[in-house]
Amino acid sequence: MKIIVLIKQVPSTANTRMDPEKGTVIRDAGDTVLNPLDEHAVTEAVKIKKLIPGTKIIALTMGPPSAKKILNEACARGVDEGVLLSHKAFGGSDTVATAHVLAAAVKQIGNYDLLLAGEKATDGETGQTGPMTAALLNIPVITFAQSLTVLDNKIHVQRMVEEGIEELSVNLPALVTVIKEINKPPLPTIRGYLLAKKVPIPIWGPDDINIEPGRVGLKGSSTRVVKIFSPRLVRNTKFRIANTEEGIISSVNTIMEVLTNRSLISKGDNHGS
């Protein structure tokens, strides 16, 4: 069995920066990490590998050269191989362009049985890339999986929906996106990192996956960020100690004064004392 896990390098929450002109995330800025939900996808792939002898796992990501770090981490977690899709032509890709690149790379790898991915990425929160990749590959897709089992060339999934749990089965090959409830990813071991250093990570560009230039980057993107800005937080907080009767009366009067000044109540309202 061959499993391809789609993973992504994302900025750590505290270091996310945006390019104000392009409206895209600056991928080389600050600390970057393996997308947290993709950790669950990797863990699930390794779990299947332990249950089905002969299973091979390939981690696939698109990003700058620094994204090799998360492929090394995936290998340290039990993945067999990694492929990095990195080229200046891929820069600025939205979810549509990214899906085109990933689908082309998956076709290039070939002979796959299962694609796994996290439900969404923390730097985008769209949850679109995985399903769109499946659509381009013309394979079934199941989202929000909280458990899965591979049996008799089918994948059986319990997925979380608003109304409860939904059970689905589809023929392989298929793509499944997982949620955090599916497992608890263990930390990579030192031995895992040492073994990962021996795994070669090829870098593929547009020519390696036979994709048209118009399908990738800003040219291949269907969305445009018109403007980005950081919200201004302006607070004028008043503190009152209300542990005595006088303090309670003073606090209530202050609240009523603020509400009156903001025209939320009228001066004639009876608010007592």
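Provided above is the structure to which this section pertains.
Residues numbered from 1 in each chain as written. Predicted model: local features only at pLDDT ≥ 70, side-chain atom pairs only at ≥ 80, totals over all residues. Heavy atoms only, no water.

(A) Spatial organisation of the sheet that holds strand E10 (residues 174–178). Strand order across the open sheet formed by nine strands is E9-E8-E7-E10-E6-E1-E4-E5-E11, with mixed pairing between neighbours. Each edge of the open sheet is held by one strand with a lone partner, namely strand E9 (164–171) and strand E11 (203–204). Looking at chain direction, strand E1 (residues 2–6) and strand E6 (residues 114–118) are connected through four bridges and run parallel. Bridged to Ile3 within E6 is Leu114. Contacting E1, strand E4 (56–62), E6, strand E7 (141–151) and E10, helix H1 (residues 36–51) runs over the sheet at an angle of about 150° to E6. Along the sheet, helix H4 (residues 129–137) makes contact with E1, E6, E7 and E10, crossing E10 at roughly 175°. (Pairing = 2+ DSSP bridges. Helix = DSSP H or I, 4+ residues; strand = E, 2+ residues; numbered from the N terminus. Contact = heavy atoms within 4.5 Å. Axes fitted to C-alpha atoms, helices over the stretch in contact; angles between N-to-C directions.)

(B) Main features of the pairing of E1. Within E1, five of the five residues are buried, leaving the element largely enclosed by the surrounding structure. What you see with E1 is no split at all: Lys2, Ile4 and Leu6 on one side and Ile3 and Val5 on the other are buried throughout. Examined bridge by bridge, E1 and E4 share five bridges and lie parallel to one another. Directly across from Lys2, in E4, lies its bridge partner Lys56. (Buried < 20%, exposed > 50% of the residue type's maximum accessible area, 1.4 Å probe, protein only.)

(C) Examining helix H7 (residues 245–261) more closely. Between its terminal C-alpha atoms H7 stretches 24 Å, which fits the 24 Å expected from 17 residues at 1.5 Å a residue. When we look at burial in H7, the residues that qualify are Gly247, Ser251, Thr254 and Met256. (Expected span 1.5 Å × (residues − 1).)

(D) Molecular detail of the side chain of Asn35. The residue Asn35 is located in the loop between strand E3 (32–34) and H1 in this model. Side-chain polar atoms of Asn35 contact the backbone oxygen of Lys120, separated by 2.9 Å. Setting aside residues up to four positions removed in sequence, Asn35 forms contacts with Lys8, Val10, Lys120, Ala121 and Thr122. (Polar contact = N/O pair within 3.5 Å; in protein donor to acceptor, adjacent residues only side chain to side chain.)

(E) Here's a closer look at H1. Between the first and last C-alpha of H1 there are 24 Å, a value that for 16 residues agrees with the 22 Å anticipated at 1.5 Å per step. Residues of H1 that are buried: Leu37, Asp38, His40, Ala41, Val42, Thr43, Glu44, Ala45, Val46 and Ile48.

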